[in-house]
Amino acid sequence: MLDDIAKTGTDFDRDLAAANDPAALDQVRVRYFGRKAGAIPALFERLKEVPKEEKRSVGDALNKLRDRIKSTLDEKTAQVASQKQVGQRPLDVTLPARLPPLGHLHPITIVRRELEEIFLEMGYSLDPGPEVETDWYNFEALNFTPDHPARDMQDTFFLDVDQLLLRTHTSNVQIRSMERWKPPLRVLSCGRVYRRDEITMRKSPVFHQAEGFLVDRGIHIGHLRATLEQFIKRLFGADLAMRMRPSYFPFTEPSAEVDMSCVFCRGKGCNTCSFTGWMEILGSGMIHPQVLRNVGIDPDEWSGFAFGFGLDRAAMIKFDIPNIRTLFENDLRVLQQF
Ligand code: DAH
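Keep in mind that what you see is a predicted model, and the values were worked out from it rather than measured. (Residues numbered from 1 in each chain as written. Predicted model: local features only at pLDDT ≥ 70, side-chain atom pairs only at ≥ 80, totals over all residues. Heavy atoms only, no water.)

(A) Quick peek at the pattern of salt bridges. Within this structure, the stated rule accounts for 25 salt bridges. One salt bridge connects Arg 217 with Glu 301, and the closest N-O pair in it is separated by 2.6 Å. Remark: Glu 301 occurs in the loop between α9 (289-294) and β9 (303-310) and Arg 217 occurs in the loop between β5 (206-216) and α8 (221-236); sequence separation between them is 84 residues. Each of Lys 7, Asp 11, Arg 14, Asp 15 and Arg 31 takes part in salt bridges that share partners, so that together they form one network. (Salt bridge = Lys/Arg side-chain N within 4 Å of Asp/Glu carboxyl O. Helix = DSSP H or I, 4+ residues; strand = E, 2+ residues; numbered from the N terminus.)

(B) Geometry of the site of the ligand. Around the ligand lies a shell of 16 residues, among which His 169, Ser 171, Arg 195, Gln 209 and Glu 211 are the nearest. Side-chain polar atom of Arg 195 to an oxygen atom of the ligand: 2.8 Å apart, as the coordinates give it. Relative to its unbound accessible surface of 350 Å², the ligand loses 91% to contact with the protein. Broken down by secondary-structure element, the contributors of at least two residues to the shell around the ligand are β5, β8 (278-287) and β9. (Near = heavy atom within 4 Å. Polar contact = N/O pair within 3.5 Å; in protein donor to acceptor, adjacent residues only side chain to side chain. Areas by Shrake-Rupley, 256 points an atom, 1.4 Å probe, with all protein chains shown as cover.)

(C) Summary view of the side chain of Asp 259. Among the structural elements, Asp 259 can be located in strand β7 (residues 252-261). Of the polar contacts made by the side chain of Asp 259, one reaches the side chain of Arg 243; its length is 2.8 Å. A polar contact of 2.8 Å, which involves the side chain of Asp 259, links it to the side chain of Arg 245. Discounting residues that sit within four places of it in the chain, Asp 259 has contacts with Ala 241, Met 242, Arg 243, Arg 245, Trp 278, Met 279, Glu 280 and Ile 281. (Contact = heavy atoms within 4.5 Å.)

(D) Quick peek at the pairing of strand β4 (residues 185-194). Summarising burial for β4: eight of the ten residues are buried, a large majority. In the sheet, strand β1 (residues 125-126) pairs with β4 via two bridges, with the strands oriented parallel. From the neighbouring strand, Leu 126 faces β4, where its bridge partner is Leu 188. Alignment of β4 against β5, held across ten bridges, turns out to be antiparallel. The partner of Arg 186 across the bridge, within β5, is Leu 214. (Buried < 20%, exposed > 50% of the residue type's maximum accessible area, 1.4 Å probe, protein only. Pairing = 2+ DSSP bridges.)

(E) Representation of the sheet that holds β8 in the model. What the seven strands build is an open sheet, ordered β1-β4-β5-β9-β8-β7-β6; its pairing is mixed. This sheet does not close on itself; its edge strands, each paired only once, are β1 and β6 (242-249). Summarising the sheet, β5 and β9 pair through eight bridges and their orientation is antiparallel. If you follow Glu 211 over to β9, its bridge partner there is Gly 308. The sheet contacts of α8 involve β6, β7, β8 and β9, and relative to β9 the element is tilted by about 30°. (Axes fitted to C-alpha atoms, helices over the stretch in contact; angles between N-to-C directions.)

(F) Structural view of the domain arrangement of the protein chain. By domain assignment, the protein chain separates into domain 1 (2-88) and domain 2 (107-335). The centre of domain 1, based on its C-alpha atoms, is set 85 Å off from the matching centre of domain 2. (Domains from an automatic or database assignment.)

(G) Examining helix α5 (residues 107-121) more closely. An ideal rise of 1.5 Å per residue puts 21 Å on 15 residues; α5 measures up with 21 Å between its terminal C-alpha atoms. Along α5, the residues classified as buried are Pro 107, Ile 108, Thr 109, Ile 110, Val 111, Leu 115, Glu 116, Ile 118 and Phe 119. Backbone geometry just after α5 places Gly 123 at a positive phi near 90°. (Expected span 1.5 Å × (residues − 1).)

(H) Broad picture of the packing of helix α1 (residues 2-18) against helix α3 (residues 39-46). As a packed pair, α1 and α3 sit with axes 11 Å apart at the nearest point and diverge in direction by 170°. Taken together, α1 and α3 sit at an angle that is classed as roughly antiparallel. For the pair α1 and α3, contact is made by Asp 4, Ile 5 and Thr 8 and by Ala 39, Leu 43 and Arg 46, respectively. (Parallel < 35°, antiparallel > 145°, perpendicular 65-115°, else oblique.)

Laid out in structure tokens, this is it:
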């Protein structure tokens, strides 16, 4: 009987090695565990005839064999099943390769690049200028005297060191560029600016501006108007109208605020433009003679214009983004749309 048990064990090992698919493994299972003709039930049946003294050792050997056969058979069945899943997928050699995920340009970057391209084509140079500034470049040279009330228009972050501050606008670049280069000059400057504002739907303490300015002989407000009209139409649409309203900035005289037709209703009047048909888009003016004098340019020989433009607002208008926070949260679900 012990010999038969051992032989059943070796038979099983051979049968198992030969069975490599689910159907063959089923057959093996039936051959060893089938109720009618299975080898293991048959051996258990014969246990009755084993003499009493041997019953215990023969029974032990038989139990062990049954457990071993069952666990190795289960193991191989599971293994074959998982292999089959992989093998079942036919190899499709026409399947396009998986591309690495591409990055996306931030909406502000898109607007900045478009603007830079428009002005580079008009012969402007790019000059970023520093974000950490002195009072001179951010205020004083731009004709904000120390107690000038217009300083209140821009609540400033002051740094603890050397009376430095974070620039409140990109207009500092006017002074920096005019100091460094002789006229004629045409400069566009895009960058970050800082103001002590609460975060709201439309305001953030960090935001982006573009500053453009031009100094040459015989420059008048018609040049300013033509330049602004050109870039607004290219950035937002050729069908939009533009208008200038008198305004005040210390560094320009005269100064003008510029509106364009509301991009949402194209000037017809809607909620966004409070049914005026217009949206305010930038500040501008003729560079104040005192500003030119401050950088050693003779206002009797040279004149120029300047304008300042909010890039965040432009991106919000262009891409219909209602909340400025969206631009700073870096949510991939948003950024991947651009
Ligand atoms: N610096 C102004 C601001 O931040 C914007 C501005 C207005 C810039 C008129 C200009 C300009 O160059 O001419 O509010």
